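What follows is each chain in one-letter form.
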Amino acid sequence: MWVKAIRVHELGGPEVLSWEEVEIGEPNEGEIRIKNKAIGVNYVDIYYRTGLHRAPLPFIPGKEAVGIVSAVGPGVTSFKVGDVVGYADNPMGSYAEEQIIPASVAIPIPPAIDDKTAASVLLKGMTAYVLVRQAFKVQRGHTVLVHAAAGGVGSLLCQWANTLGATVIGTVSTEEKAAQATQDGCQHVIVYTKEDFVTRVAEITSGEGVHVVYDAVGKDTFQGSLACLMPRGCMISYGQSSGSRPDPVRLSDLAPKSLILGRPGLMHYTTNRDELLQAASEVFDGITAGVLQVHANHVYLLSEAARAHKDLEARRTSGSIVLVPDSQSL
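Remember, predicted model here, so these are calculated numbers, not experimental data.

Chemist: Before we move on, could you go through the environment of Leu-17 and cite the residues and values that matter?
Modeler: Within the fold, Leu-17 resides in strand 2 (residues 17-23). Between the alpha carbons of Leu-17 and His-309 there is a distance of 9.4 Å; along the sequence they are 292 residues apart.

Right, dumping it as structure tokens:
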């Protein structure tokens, strides 16, 4: 069968996102086919489009979607046609009207959570879970610094850390995003385009520094983030939205304050189905309990993926971005 999808034939800017027809077959052993209803856009999609992360060309971007099971391959007993499921992280290829995925990575979506919400929170929410509950276990009394606090993951990090009893400091680029970060639980918000975040963090913490920094920006903030840590503090780097990887760090640079540096990835914390479902359950429970508010602030047609990428790179967005197939209404 033929479906419409976004495909990348060469690396580059948003203009390389080509809207075209692609052929997909029937699911093989252990696979299911999903008719996508909502597709999450994440900064990692830009990394693949530009070549910062590598994938064989041509490829269909996207690592997050929610849809209806439209076909089931041999040997699959856990899902049936008509089930609503989502997936996050792997495999890549969600920028399509339909796609085939392993049944082992499919996550049942609770009826109380709508398609757009689920598609905008699965990857980001499970990433936030890993960052605050696994890679560094945030506890009451901790002080945390969250860069890009109004972004998709940043928003959830702030809410989750605040709920756990931490003092949350967030950095944002505009006053509008500062208001969003405050709503999401930041007790202190730094507009980094107007003031130096290292200086402000020192002022806020009376020179003590923070227990942990969550940094998705990369090279532009990396050294400053290390400077904000207290002795025995932990630096969690989980992205590079500035477009550049941080410069190499010598182990000896961490020694003066006995710092810990980590680069966690979701896939290493969801290595089996039990871990995957546990992570998803933590996110869904947070949403239904009202602990996590999902801001699906931007919805585009699938054919407009290039415009969504442009807006994301230009920092014109806050919260989450969702694509919907052109056959659906916005």
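Past the structure itself, the notes keep going.
Chemist: For the pattern of salt bridges, give the residues involved together with the corresponding values.
Modeler: Considering all chains together, one arrives at 12 salt bridges under this definition. Here Arg-49 ties to Glu-313 by a salt bridge, and the two come within 3.0 Å at their closest N and O atoms. In this pair, Arg-49 is assigned in helix 1 (residues 43-50) and Glu-313 in helix 9 (residues 305-313), connecting sequence segments 264 residues apart. A relative accessible area of 2% places Arg-49 in the buried class. When its relative accessible area of 31% is taken as the criterion, Glu-313 is described as partly exposed.

Chemist: Can you tell me about the packing of aromatic side chains, naming the residues and giving the values?
Modeler: One pass over the full model with this rule turns up two aromatic pairs. Considering the side-chain rings of Tyr-43 and Tyr-47, the 5.7 Å spacing of their centres and the 50 degrees angle between planes classify their relative orientation as tilted. Placement of both Tyr-43 and Tyr-47 in helix 1 is noted, with a separation of four residues, approximately one turn of the helix. When its relative accessible area of 7% is taken as the criterion, Tyr-47 is described as buried.

Chemist: Talk me through the packing of helix 2 (residues 115-135) against helix 3 (residues 152-163); I want residue IDs and the actual numbers.
Modeler: The N-to-C vectors of helix 2 and helix 3 enclose an angle of 45 degrees; their axes lie 9 Å apart at closest approach. Judged on the interaxial angle alone, helix 3 and helix 2 are oblique. Here helix 2 runs over helix 3; the crossing is right-handed. For the pair helix 2 and helix 3, the contacting residues are Val-121, Lys-124, Gly-125, Thr-127, Ala-128, Tyr-129, Leu-131, Val-132 and Arg-133 in the first and Gly-152, Val-153, Leu-156, Leu-157 and Trp-160 in the second. Along the lines of polarity and charge, the residues of the contact of helix 2 with helix 3 split into nine nonpolar, three polar and two charged.

Criteria and cut-off values
- As a convention, each chain's residues are numbered from 1 in the sequence order in which they are written.
- Reporting of local features is limited, given that this is a predicted model, to residues whose pLDDT is at least 70; pairs of side-chain atoms are given and counted only at 80 or more, and all residues count toward the totals for whole chains, interfaces and linings.
- To obtain the side-chain values, all non-hydrogen atoms of the structure were included, while hydrogens and water were left out.
- Secondary structure follows DSSP: runs of H or I at least 4 residues long count as helices, runs of E at least 2 residues long count as strands, and numbering of each begins at the N terminus.
- Any Lys or Arg side-chain nitrogen located within 4 Å of an Asp or Glu carboxyl oxygen qualifies as a salt bridge.
- Here's how the labels work: a residue is buried when its accessible area is under 20% of the maximum for its type, exposed when over 50%, partly exposed in between, all with a 1.4 Å probe on protein chains only.
- Centres within 6.5 Å are what make two rings of Phe, Tyr or Trp a pair, Trp counting through its six-membered ring; a difference in plane orientation under 30 degrees is then read as stacked, over 60 as edge-to-face, and the rest as tilted.
- To get an axis, a line is fitted to the C-alpha atoms, and for a helix only the part in contact is used. The angle between two axes follows their N-to-C directions and goes from 0 to 180 degrees.
- Roughly parallel covers angles under 35 degrees, roughly antiparallel covers those over 145, roughly perpendicular covers 65 to 115, and oblique covers all other angles.
- Note: crossing handedness is left-handed where the near helix turns anticlockwise from the far helix by less than a right angle, and right-handed where it turns clockwise.
- Contact definition: two residues touch when any of their heavy atoms are within 4.5 Å.
- Residues are grouped as follows: Ala, Val, Leu, Ile, Met, Phe, Trp, Tyr, Cys and Pro are nonpolar; Asp, Glu, Lys and Arg are charged; every other residue, Gly included, is polar.

Remember that the coordinates give geometry; whether it matters functionally is a separate question.
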